[in-house]
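Chain and residue survey
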Amino acid sequence: GRPIAGLPDLAAERDGFVWLHLDLMHASTRRWLDEREDILGASVDSLTSADAHPHVDWSGELLWGVVRDIYREIEGAGEQPAELRFVVSPRFMITGRRRPMQSAHALKRKVETGAEYENSAELFEGLLTEIAEAIGRVANRTAERLEDVEDRVLAAGVSDERATLLALRREVAR
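We now turn to the structure provided with this report.

1. Looking at the packing of aromatic side chains
Applying the stated criterion across every chain, the model contains one aromatic pair. Taking 4.7 Å as the distance between ring centres and 40 degrees as the angle between the ring planes, the aromatic pair formed by Phe86 and Phe124 counts as tilted. Of this pair, Phe86 sits in strand 4 (residues 76-88) while Phe124 sits in helix 5 (residues 120-156), and the two are 38 residues apart along the sequence. For Phe86, a relative accessible area of 1% translates into the label buried. The class for Phe124 is buried, based on a relative accessible area of 11%.

What follows is the structure in structure tokens.
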């Protein structure tokens, strides 16, 4: 891989903060993160791990972890979950992914069109809001599809499927 050039010094004192969104599939990204372990500490392992389980950890001024987001298809909104990794400190927010993500893309568009965030915690809150909205959209589309199937099954009068579908619907509603 080629080296990552032109990225800001994470340890530098500055007014405000920086947001870096990294493609974790590139070997140069791993090297760049490893070179900053003195700043990023144990969060480097979380950023580069293959572990897909959602979690949140912290140490000192760093908060890091893995959250579920929705994979972004080329043509737009996807429906498959994928992991978005993050590290937040007062001076920076780093997000990382192995596949394109809905929420990071939506937040990037907001920033590019003038949305302002006072600090990295506020930006992280914006990211979590985008994630909740993306998951909500998927849940709504799933519920609509389920209702369509339910209507067809109920109209056909297939009694054994009716009971299964109604139980499934109650479970999804919970």
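2. Some remarks on the environment of Leu47
Along the chain, the position of Leu47 falls in helix 3 (residues 43-48). Under the relative-accessibility criterion, Leu47 is labelled buried at 1%. Placed 17 residues apart in sequence, Leu47 and Trp64 show a C-alpha to C-alpha distance of 8.3 Å. Excluding anything up to four places from it in sequence, Leu47 contacts Leu24, Leu33, Arg85, Phe86, Val87, Ile94 and Arg98.

3. Looking at the nonpolar core
Soluble globular proteins: nonpolar side chains tend toward being buried together. If you look at the biggest cluster of nonpolar residues, it comprises 16 residues, and the most contacted ones within it are Leu10, Leu33, Leu40, Val87, Phe92 and Ile94. For this core, the secondary-structure elements that each account for two or more residues are strand 1 (18-23), helix 1 (27-34), helix 2 (37-40), helix 3, strand 3 (62-73) and strand 5 (92-97). Excluding residues that lie within four positions of it along the chain, Leu40 makes contacts with Leu10, Leu33, Leu62, Val87, Phe92 and Ile94. Counting 14 residues, the second-largest nonpolar core is a separate cluster that includes Ala82, Met93, Phe124 and Leu127.

4. Some details on the pattern of salt bridges
Applying the stated criterion to the full structure yields six salt bridges. One salt bridge in this structure joins Arg36 and Glu35, with 3.3 Å as the shortest N-O distance. Residue class for Glu35 comes out exposed when judged on its relative accessible area of 57%. With a closest N to O distance of 2.4 Å, Glu83 and Arg68 form a salt bridge. In this pair, Glu83 sits in strand 4 while Arg68 sits in strand 3, placing the two residues 15 residues apart along the sequence. The class of Glu83 is partly exposed, set by a relative accessible area of 23%. For Arg68, a relative accessible area of 36% gives the class partly exposed.

5. Some details on helix 5
Relative to the 54 Å expected for 37 residues at 1.5 Å per residue, helix 5 spans 54 Å between its end C-alpha atoms, a close match to the ideal helical length. Inspection of helix 5 places Ser120, Leu123, Phe124, Gly126, Leu127, Glu130, Ile131, Ala134, Val138, Leu146, Glu150 and Val153 among the buried residues, and these make up the whole buried set. Of the residues flanking the start of helix 5, the one acting as N-cap is Asn119, its side-chain oxygen 3.1 Å from the backbone nitrogen of Ala121.

Cut-offs used in this document
- Residues numbered from 1 in each chain as written.
- Predicted model: local features only at pLDDT ≥ 70, side-chain atom pairs only at ≥ 80, totals over all residues.
- Heavy atoms only, no water.
- Phe/Tyr/Trp six-rings, centres within 6.5 Å; stacked < 30°, edge-to-face > 60°.
- Helix = DSSP H or I, 4+ residues; strand = E, 2+ residues; numbered from the N terminus.
- Buried < 20%, exposed > 50% of the residue type's maximum accessible area, 1.4 Å probe, protein only.
- Contact = heavy atoms within 4.5 Å.
- Core = buried A, V, L, I, M, F, W, Y, C linked by side-chain atoms within 4.5 Å.
- Salt bridge = Lys/Arg side-chain N within 4 Å of Asp/Glu carboxyl O.
- Expected span 1.5 Å × (residues − 1).
- Polar contact = N/O pair within 3.5 Å; in protein donor to acceptor, adjacent residues only side chain to side chain.

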